[in-house]
Amino acid sequence: YNNQWMVVDYNKFSPGLTPKTGLLVILEQLPGLVVAEDKTDLLTTQMYWPSYNVPYFKEIFNTSGCPENVAKYGDWFTYDKTPRAQIFRRDQSKVTDLNSMIKLMRYNDYKHDKYSKCNCTPPYSAENAISARSDLNPSSGTYPFAALGQRCHGGTDMKLTNYVMHKDLSFVAISGPTQDQQPVFQWSTSPYLDVLHLGHPDKFDFGPVQVNWKND
C-alpha cells in the first residue's frame, strides 16, 4: 500500500513571490522503499499539486503493481488519466477563495460529470469523484472491478488550511461524506446499517468548523 506525504514549508512562502525550492516536498513509501523529491518547481508551474491515491513517482508506481492493473483495466489505474486527476486538472483553476476550495474537495456530481462515467451499469460510479461516495452505487450494478461498485468506502471528511490560518495552527474541517451534490449520509438508510458504528450520529449533516490548535 502506497502512502504519499505532502510536506509544505510555509517559511518558504511569501505572497506575490515565487519560491525556488523547499516549499513542497513529496514523499511516497512502500515497505522497504521510500522516494522523496522537492516538487516546488512543479507546484509553481502548474499552480496546484493533486493527490488521489495513485503513486506519483515511477519507482513507487511500478513497484506497487500499477502497470499490471493499467494493462488489465485501463486508464483508471494511471496517474494522469484516472478520473480524480482529470477532475482536478479541469477544476483547480476555479478555486479563488476558501469556499471554492471546500467546494472542490467535496465535489461529487457523478451522475452528470463525464469523468465519472465508466463501462458499468448504470454507466457511472460515485467512486469517480474528488470525494467518493461508493455507498451510493447500486448493489445490483455491474462493474469491471470491485472498486467502482457499491462498498463501504468514500471520503469521510474534508480538512484544509491556508497561508493566513496556518500562522495560528488553524484549519477548517467538515465531518462526514459529501452532501454538496448528494444526499446526506445516514446510517439507518444506508446499505451498511449493520457495520459497527458505536458513538456515531445516525445522520452526518454537518457544516464546516474552524479549529484553532494554537489557542485550544
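Rules used in this analysis
For every chain, the first residue of the written sequence is number 1, and numbering continues from 1 onward in sequence order. Residue-level local features of this predicted model are given only where pLDDT is at least 70; pairs of side-chain atoms are given and counted only at 80 or more, and the full residue set underlies all totals for whole chains, interfaces and linings. Side-chain numbers come from the whole structure's heavy atoms, not from hydrogens or water. Helix and strand definitions follow DSSP, with helices as H or I runs of at least four residues and strands as E runs of at least two, each counted in order from the N terminus. Whether a residue is buried, partly exposed or exposed follows from its accessible area with a 1.4 Å probe, protein chains only, as a fraction of its type maximum: under 20%, in between, or over 50%, in that order. Two residues qualify as a contact provided that any one of their heavy atoms is within 4.5 Å of a heavy atom in the partner residue. Contacts described as polar in this section are N or O atom pairs within 3.5 Å, which, within protein, must combine one atom able to donate a hydrogen with one able to accept it, while residues neighboring in sequence count only if both atoms come from side chains. What counts as a disulfide here is a pair of cysteine sulfur atoms lying within 2.5 Å. Pairing of aromatic side chains requires ring centres within 6.5 Å, counting the rings of Phe and Tyr and the six-membered ring of Trp. Pairs whose planes differ by under 30 degrees are stacked, by over 60 edge-to-face, and all others tilted. Here, any two strands with at least 2 DSSP bridges between them count as paired. Comment: axis = line fitted to C-alpha atoms, over the contacting stretch for helices; angle = value between 0 and 180 degrees taken between N-to-C directions. pLDDT: the predictor's confidence for each residue, scored from 0 to 100. A pairing counts as a salt bridge when a side-chain nitrogen of Lys or Arg comes within 4 Å of a carboxyl oxygen of Asp or Glu.

1. Section: the environment of Arg133
With respect to the helices and strands, the residue Arg133 is situated in the loop between helix H5 (98–105) and strand S4 (157–160). For Arg133, a relative accessible area of 2% puts it in the buried group. Taking C-alpha positions, Arg133 is 6.7 Å from His153, a pair spaced 20 residues apart along the chain. Apart from the residues within four sequence positions on either side, Arg133 is in contact with Asn108, Ala126, His153, Pro177, Thr178, Gln182, Pro183 and Phe185. Polar contacts involving the side chain of Arg133 include one to the side chain of Asp135, which spans 2.8 Å.

2. Here we look at the state of the cysteines
Under the counting rule described, the total for this entry stands at one disulfide. Residue Cys66 stays outside any disulfide, its sulfur separated by 19 Å from that of Cys118, the closest cysteine. Judged by its relative accessible area of 10%, Cys66 is buried. Its sulfur unpaired, Cys152 is 20 Å from the next cysteine sulfur, which belongs to Cys120.

3. Thoughts on the environment of Asp202
Summarising the element assignment, Asp202 is placed in the loop between strand S5 (170–175) and strand S6 (209–212). Residue Asp202 is classed as partly exposed on the basis of its relative accessible area, which comes to 33%. For Asp202 and Thr189, which are 13 residues apart along the polypeptide, the C-alpha to C-alpha distance reads 9.1 Å. Once residues lying within four places of it in the same chain are set aside, the contact partners of Asp202 are Phe185, Gln186, Trp187 and Ser188. Within polar-contact distance, the side chain of Asp202 engages the side chain of Gln186 at 2.8 Å.

4. Topic: the packing of aromatic side chains
Two aromatic rings are characterised by how far apart their centres lie and by the angle between their planes. Scanning the entire structure with this criterion turns up 18 aromatic pairs. Between Tyr52 and Tyr79, the ring centres sit 5.2 Å apart and the planes meet at 35 degrees, which makes this aromatic pair tilted. One end of the pair, Tyr52, is in the loop between helix H1 (40–46) and helix H2 (58–63); the other, Tyr79, is in the loop between helix H3 (66–73) and helix H4 (83–91), and 27 residues separate them in sequence. Given a relative accessible area of 6%, Tyr52 falls into the buried group. Taking the centre distance of 5.4 Å and the plane angle of 70 degrees together, the rings of Tyr56 and Tyr79 count as edge-to-face. Taken together, the positions of Tyr56 in the loop between H1 and H2 and Tyr79 in the loop between H3 and H4 put the pair 23 residues apart, joining distant regions of the chain.

5. So, the sheet that holds S5
Strand order across the open sheet formed by three strands is S4-S5-S6, with antiparallel pairing between neighbours. Single-partner strands in this sheet number two, and they are S4 and S6. Between one strand and the next, the sheet's axes are offset by a mean angle of 25 degrees, whatever the strand orientation. Bridge count between S4 and S5: four bridges; the pairing is antiparallel. Looking across to S5, one finds that Lys159 is bridged to Ala173. Packed on one face of the sheet, H5 meets S4 and S5 and runs near 145 degrees to S4.

6. A short note on the confidence of the model for the protein
In low-pLDDT segments, the atomic positions of the prediction should not be examined closely. Predicted confidence across the protein gives a mean pLDDT of 95, with 99% of residues reaching 70 or more. Taken element by element, the predicted model of the protein shows its lowest mean pLDDT in helix H6 (residues 163–166) (93) and its highest in H4 (98).

7. A closer look at the pattern of salt bridges
When their charged atoms lie close together, side chains carrying opposite charge are able to pair. Across all of its chains, the model carries seven salt bridges by this definition. Linking Asp135 and Arg133 is a salt bridge whose minimum nitrogen-to-oxygen distance equals 2.8 Å. Of the two residues examined, Asp135 and Arg133, each falls in the buried class. The closest approach of N and O atoms between Lys159 and Asp157, which form a salt bridge, is 3.1 Å. Owing to a relative accessible area of 52%, Lys159 belongs among the exposed residues under this scheme. Here the salt bridges share partners, and the residues they tie into one network are Arg90, Asp91, Lys94 and Asp113.

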